[in-house]
Amino acid sequence: MNYRHAYHAGNIGDVLKHIVLSRLIVYFQRKDKPFRVLDTHAGIGLYDLTSVETQKTGEWQQGIAKVLSADIPEPVAALLGPWLGVVRDLNPDGKLQYYPGSPVVARRLLRKTDRLTLTELHPKDFRVLSEQFSGDHQVKTIHLDGWLAMAGFLPPKEKRGLVLIDPAFEVTDEFDRMGDALVRAFRKWPGGTYALWYPLKDVREIRRMHASLSEAGLRDVLTLELSTGRSGPDTRMLGSGMTLVNPPYTLADEMRLVLPWLADVLHQGPGAGWNVTQLIVE
């Protein structure tokens, strides 16, 4: 599949990814010490839902639009608050036009002492991204392959933080590259938190990547899955997953509250559901 961010902004995958990202940042802010976020495949940062790219797919209508129009129970609303607060701040008139990618979600939630590193390889996307954060001393934008960023920028000087990994899935061996890059990064920085996003299309590839993490000796690995219907290698994406290494101890229980509600609100057909699994224990 081709997962260039501009064509899928605000879709069901972004909903899961950005909720998790916001909960990770909130958790890191429990301590006064600064931390760094590394977003390896950053995209352009902010998306206009009236643009040619987003209008071509319209996927946001099955994602963020449904969330905003739903009645959110209080326990879930409290957990979604940081993420939805960013979305609503970008659309003050209540009309949904702009959707924040992970760089903007992260930046809006950071404290003055925290830092954000964004890498993007696509030349046009990087130009837009760098202009978006021009002059922002808390953000560093780098025109670089995300896999090289993981090899070169870890551990960060703050010694605390997280790495968000969300490639375009334009090449057939992307899961192999993700697994290999994660293992290498973990060996350099075993105390970091890593969050990998991927489409739920090829179950065999996902299981193979998970097996590689176990074989490499990684510990404390959590998986989250959200499906709005049944999909496969030859269908459109109806679900996505995240694998997290060293997740906050609070995250699994938070997602057990959020994901059932999301599965109901975003339901598109048979096979909709959710899953929270401790893949590898501590």
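Scroll up to find the structure.
Residues numbered from 1 in each chain as written. Predicted model: local features only at pLDDT ≥ 70, side-chain atom pairs only at ≥ 80, totals over all residues. Heavy atoms only, no water.

**Details of the pairing of strand E4 (residues 115-120)**
Two faces, one strand: in a regular strand the side chains alternate between the faces of the sheet. Summarising burial for E4: 5 of the 6 residues are buried, a large majority. Direction of pairing for strand E1 (residues 36-39) relative to E4: parallel, over a ladder of 4 bridges. Across the sheet, Asp39 pairs through a bridge with Leu118, a residue of E4. With 5 bridges joining them, E4 and strand E5 (residues 139-143) adopt parallel strand pairing. Residue pairing for E5: Thr119 is matched across the bridge by Ile142. Running through helix H6 (residues 123-132), the crossover from E4 to the neighbouring parallel element E5 is right-handed. (Buried < 20%, exposed > 50% of the residue type's maximum accessible area, 1.4 Å probe, protein only. Helix = DSSP H or I, 4+ residues; strand = E, 2+ residues; numbered from the N terminus. Pairing = 2+ DSSP bridges. Right-handed = clockwise from strand over helix to strand, strands pointing away.)

**So, the packing of aromatic side chains**
Counted by the stated rule, this structure contains 7 aromatic pairs. Seen in terms of ring centroids, Tyr27 and Phe28 are 6.5 Å apart; in terms of plane orientation they differ by 80 degrees. Their pairing is edge-to-face. Since its relative accessible area comes to 25%, Tyr27 is described here as partly exposed. Using a relative accessible area of 9% as the deciding quantity, one classes Phe28 as buried. Where Tyr27 meets Tyr249, the ring centres are 6.0 Å apart and the plane angle is 80 degrees; that geometry is what we call edge-to-face. Residue Tyr27 is found in helix H1 (residues 12-28), and its partner Tyr249 is found in the loop between strand E9 (239-245) and helix H10 (251-265); the two are separated by 222 residues along the sequence. (Phe/Tyr/Trp six-rings, centres within 6.5 Å; stacked < 30°, edge-to-face > 60°.)

**Examining the nonpolar core**
Trp83, Tyr194 and Leu262 are the most contacted members of the largest nonpolar core, which has 88 residues in total. Here Tyr194 is in contact with Leu154, Val163, Leu182, Ala185, Phe186, Trp189, Thr243, Leu244 and Val245, once residues within four sequence places are set aside. (Core = buried A, V, L, I, M, F, W, Y, C linked by side-chain atoms within 4.5 Å. Contact = heavy atoms within 4.5 Å.)

**A short note on the sheet that holds strand E7 (residues 193-199)**
Judged by pairing direction, the sheet is mixed, and its 8 strands sit side by side in the order E5-E4-E1-E6-E7-E9-E8-E10 without closing on themselves. Edge positions in the sheet fall to E5 and strand E10 (273-280), since each of these pairs with one other strand and no more. Here the average twist between neighbouring strands, direction ignored, is 15 degrees. Relative to E7, strand E6 (residues 161-165) runs parallel, the two sharing 4 bridges. For Val163, the partnering residue across the bridge sits in E7 and is Tyr194. Sitting on the sheet, H10 is in contact with strand E8 (221-227), E9 and E10, with an inclination near 160 degrees to E10. (Axes fitted to C-alpha atoms, helices over the stretch in contact; angles between N-to-C directions.)

**As for helix H4 (residues 74-90)**
Here H4 contains 17 residues, and its C-alpha end-to-end distance of 23 Å stays within 8% of the 24 Å for a straight helix at 1.5 Å per residue. Along H4, the sharpest change in direction is near 60 degrees and occurs at Gly81; proline Pro82 comes one to four residues later. For H4, the full list of buried residues reads Val76, Leu79, Leu80, Trp83, Leu84, Val86, Val87 and Leu90. Buried-residue contacts for H4 involve H1, strand E2 (46-48), helix H3 (64-69), strand E3 (98-100), helix H5 (102-109) and H10. (Expected span 1.5 Å × (residues − 1). Bend = angle between axes of the 7 residues up to and from the residue.)

Everything listed here is a matter of coordinates, which is why it stays silent on function.
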